[in-house]
Amino acid sequence: MASSSSSVGLSFLTRNTIKVPLSIPKSFSSFPKLTFPSITCFYSATPRLDYNSFKKINPIHYCSNLPTASTNNTHYEFSDGSSEVELRLELGQGEITTKDIHVDANESSLAVRIQQSGIVRALMDTSTLYEKIKPAETIWYIDEDQLVISLKKQNSELKWPDIVESWESLSAGITQLLRGTSIYLVGESTEINQRIARELAVGLGYTPLSTEELLEAYAKQSMESWVNEEGSDAVAEAENAILESLSSYARAVIATLGGEKGAAGRANRWRHLFAGFTVWLSLSEATDEETAKEEAKRNMQDSGQGYSNAEVVVKLGGWDPNYSKAVAQAVLSALKRLILADKDLPGKKSLYIRLGCRGDWPEIKPPGWDPSTSPDTSSMSS
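Now for a look at the structure at hand. Remember, it's a predicted structure, so these values are computed and weren't measured experimentally.

1. Observations regarding the packing of aromatic side chains
Link 1 in the chain: For the coordinates displayed, the defined rule picks out five aromatic pairs.
Link 2 in the chain: Centroid distance W270 to F274: 5.7 Å. Interplanar angle 50°. Geometry classified as tilted.
Link 3 in the chain: Its relative accessible area of 0% is what places W270 among the buried residues.
Link 4 in the chain: The exposure class assigned to F274 is buried, which follows from its relative accessible area of 0%.
Link 5 in the chain: Above the ring of W361, the side-chain terminus of K348 is found at 5.4 Å from the ring centroid.
Link 6 in the chain: Looking at K365, its charged tip hangs above the ring of W369, at a distance of 5.4 Å from the centre.

Here it is in structure tokens:
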């Protein structure tokens, strides 16, 4: 092991044949907590609906005083015309007029129902459109056996992969927003970080990396034995060196160590984590979204907790590995909202890396700025 008084050059060969150079810095010290907008997302261990696609979704019943019917498959055609998206729904058999059709469009939701022969049939009912629309400008009409709905996008620059926000549409569409920026997963559980990192990497076409695997490959021993022999501080220091080496990597999802042994849990180890988008996967005792948001706000105000530096917080109402993809979907949804709120973020991340990850995130100083001369960052970690 390298001590804090020396600098050792190392390299790791991952299963993805990516060579990771490692230099363990001489010393570490704390720096002030940085503030910037964060996104909170609540995920329940028992998903309410799985929006893989409307062709696979379970029937959704429309509550009415009339008998209702719902189809197992809603076939539709979708196209993105820059400023608007067009949706074509199959009307099915029977004579249907505009009087039989009810279209209810809101900023993020769309419900389409047909009332025919005393029965209300749902063609589509979603509260998760891919992005916000201008409901007052919704136009619809019948074209032979199809219902055509034109929805005006609030953000004409954003390309919609599909009409609904799903795992497929998010993983396909968010790459245009990320622009190659890596993602760092932090939190109390190394296992959760690793599982979600793998899911995200597969969906995005990114490289999955685990600091635990890299460290164990270097130490040639398990993480548990390393901690027992040298303590959690030594492991956190080594992981910080790994993060420095990975900070220049693009298109990677990095799972960090969880708990006390992890660098991310320490407020003075975030200099290189700021190189990518940081997501805190946090187990929660909350039973609903509002309670989870309040819990997240309290967590983010805790300047002594390293995880509070994260840009995205995903609260997990329990954990079940079988729902890893649902958690990964929540991560992508939150990241999408974060970047749409500030489209310059990926560019700022790139600039932060090019200037050497000096710890001046998110208020990046001009080139030539020396952090050692700043009273706010004079004790910044290496």
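Further notes follow.
2. Considerations on the environment of P321
Link 1 in the chain: Mapped onto the secondary structure, P321 falls in the loop between β16 (312–317) and α8 (324–341).
Link 2 in the chain: By relative accessible area, P321 is classed as partly exposed at 34%.
Link 3 in the chain: If near-sequence neighbours (up to four positions away) are discounted, P321 is found in contact with E191 and R195.

3. Points about the pattern of salt bridges
Link 1 in the chain: Tallied over the full model, the rule gives 13 salt bridges.
Link 2 in the chain: Of the charged contacts in the structure, one is a salt bridge between K336 and E165, with a shortest N-O distance of 2.7 Å. Remark: E165 occurs in the loop between β11 (146–152) and α1 (167–173) and K336 occurs in helix α8; sequence separation between them is 171 residues.
Link 3 in the chain: When its relative accessible area of 12% is taken as the criterion, E165 is described as buried.
Link 4 in the chain: Two residues, E191 and R195, come together in a salt bridge whose shortest N-O distance is 3.2 Å. Placement of the pair is E191 and R195 together in helix α3 (residues 190–204), with a separation of four residues, close to one helical turn.
Link 5 in the chain: The exposure class assigned to E191 is partly exposed, which follows from its relative accessible area of 39%.

4. Some remarks on the pairing of strand β15 (residues 277–283)
Link 1 in the chain: By the criterion of burial, β15 is predominantly enclosed, with six of the seven residues buried.
Link 2 in the chain: Relative to β15, strand β12 (residues 183–187) is paired through five bridges, and the arrangement is parallel. Paired with G187 across the strands is L281, a residue of β15.
Link 3 in the chain: Sheet topology note: the β15/β16 ladder contains five bridges and is parallel. Within β16, the position partnered with W280 by the bridge is V313.

Conventions we followed
- Residues numbered from 1 in each chain as written.
- Predicted model: local features only at pLDDT ≥ 70, side-chain atom pairs only at ≥ 80, totals over all residues.
- Heavy atoms only, no water.
- Phe/Tyr/Trp six-rings, centres within 6.5 Å; stacked < 30°, edge-to-face > 60°.
- Buried < 20%, exposed > 50% of the residue type's maximum accessible area, 1.4 Å probe, protein only.
- Lys NZ or Arg CZ within 6 Å of the ring centre and 35° of its normal.
- Helix = DSSP H or I, 4+ residues; strand = E, 2+ residues; numbered from the N terminus.
- Contact = heavy atoms within 4.5 Å.
- Salt bridge = Lys/Arg side-chain N within 4 Å of Asp/Glu carboxyl O.
- Pairing = 2+ DSSP bridges.

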